[in-house]
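Below, each chain spelled out in residue letters.
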Amino acid sequence: MTTTPTPGRPPVVDLATWQAARDELLVREKAHTHEGDAIAAARRRLPMVEFDGTVEVVGPDGPVPFLDLFEGRDELVVYKHMWYDGAPPQGQCEGCTWTAWHLRDAVYLNARGVSFAIVTTGPWEEIPPYTEFMGYTQPWYSVRGVEEPVGGEMGHLAVYLRDGDRTFLTYSTTGRGNEPTSPAFALLDMTPYGRREAWEDNPEGWPEGRDVCWYWRTDVDGNPTWGPTGRPVPQWTRPGVTPADTLGRGGHCH
């Protein structure tokens, strides 16, 4: 039995009808999972690039070799965080804030012998005040002036392998390839209205989609904005935070 749907709502059915539709979709979901497994298997078979692991990055103890980021483990995942020189917290990269906020704890990576760190092209002296404000506990390093595959273009996830003192780049991704770091996306995709973004394929009458600004920067009331009083979304949770007067940044991020 199906009742006439209310505009902007899924149709209402009995449990048996819902279960039949759910089972039909499950077939596609399982196929998607299996294809993801196959892609992961192919990813594990990619070649790798050796590079000099003694190249120095800057952390809380000063310059250290990149090898130190492995913390004695054989595998390392790094997020490369964009940076606006001299900008206050509200002026730092919105998309990178989304990723870093979701990756504050690497305990389950560590349990499988994988270390995690964030690197940025920002100067080291600007990083501790920012991470303290955000409440971040993951290790951060400055790769200012360091070439790829340690430095280079930011906004990427990169994966490295260590064999003794030899280091290798095994994988890198960016854009929507970074989404596995952000479980909020996967959970939103399970909801009736999804991410509420303009590109999504929605039934007629669904809430109008917006651009990605909704999860990048909002005002104090949670409204998406690029105005000078806005902040990256997690910053509104920080103790004593107030609306900003300016983004405090100029030019492009590094």
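Just so it is clear, the model here is predicted, and its values are computed rather than measured.

Rules of the game
Residues numbered from 1 in each chain as written. Predicted model: local features only at pLDDT ≥ 70, side-chain atom pairs only at ≥ 80, totals over all residues. Heavy atoms only, no water. Helix = DSSP H or I, 4+ residues; strand = E, 2+ residues; numbered from the N terminus. Buried < 20%, exposed > 50% of the residue type's maximum accessible area, 1.4 Å probe, protein only. Core = buried A, V, L, I, M, F, W, Y, C linked by side-chain atoms within 4.5 Å. Contact = heavy atoms within 4.5 Å.

Colleague: Explain unusual backbone geometry to me, and be specific about the residues and the numbers.
Modeller: Between Glu 148 and Pro 149 the backbone carries a cis peptide bond, its omega angle lying at 5°. Within the secondary structure, Pro 149 sits in the loop between strand 6 (140-142) and strand 7 (156-163). Positive phi, normally seen in glycine, also occurs at Glu 71, with a value near 50°. Residue position: Glu 71 is located in the loop between strand 3 (62-65) and strand 4 (75-81). Even without glycine at this site, Arg 196 takes up a positive phi of about 60°. On the basis of relative accessibility, which here comes to 42%, the residue Arg 196 falls in the partly exposed class.

Colleague: An account of the nonpolar core is needed here, citing residue identities and associated values.
Modeller: Residues Tyr 79, Phe 116, Ile 118, Tyr 130, Tyr 136 and Trp 140 are the most contacted members of the largest nonpolar core, which totals 20 residues. Going through the elements one at a time, strand 4, helix 2 (94-102), strand 5 (114-120) and helix 4 (127-134) are the ones with two or more residues in this core. Phe 116 has contacts with Leu 76, Val 77, Tyr 79, Leu 103, Ala 106, Leu 109, Gln 138 and Pro 139, leaving out every residue within four places of it along the chain. Ranked by size, the runner-up nonpolar core spans 19 residues in total, among them Phe 51, Leu 76, Val 146 and Val 150.

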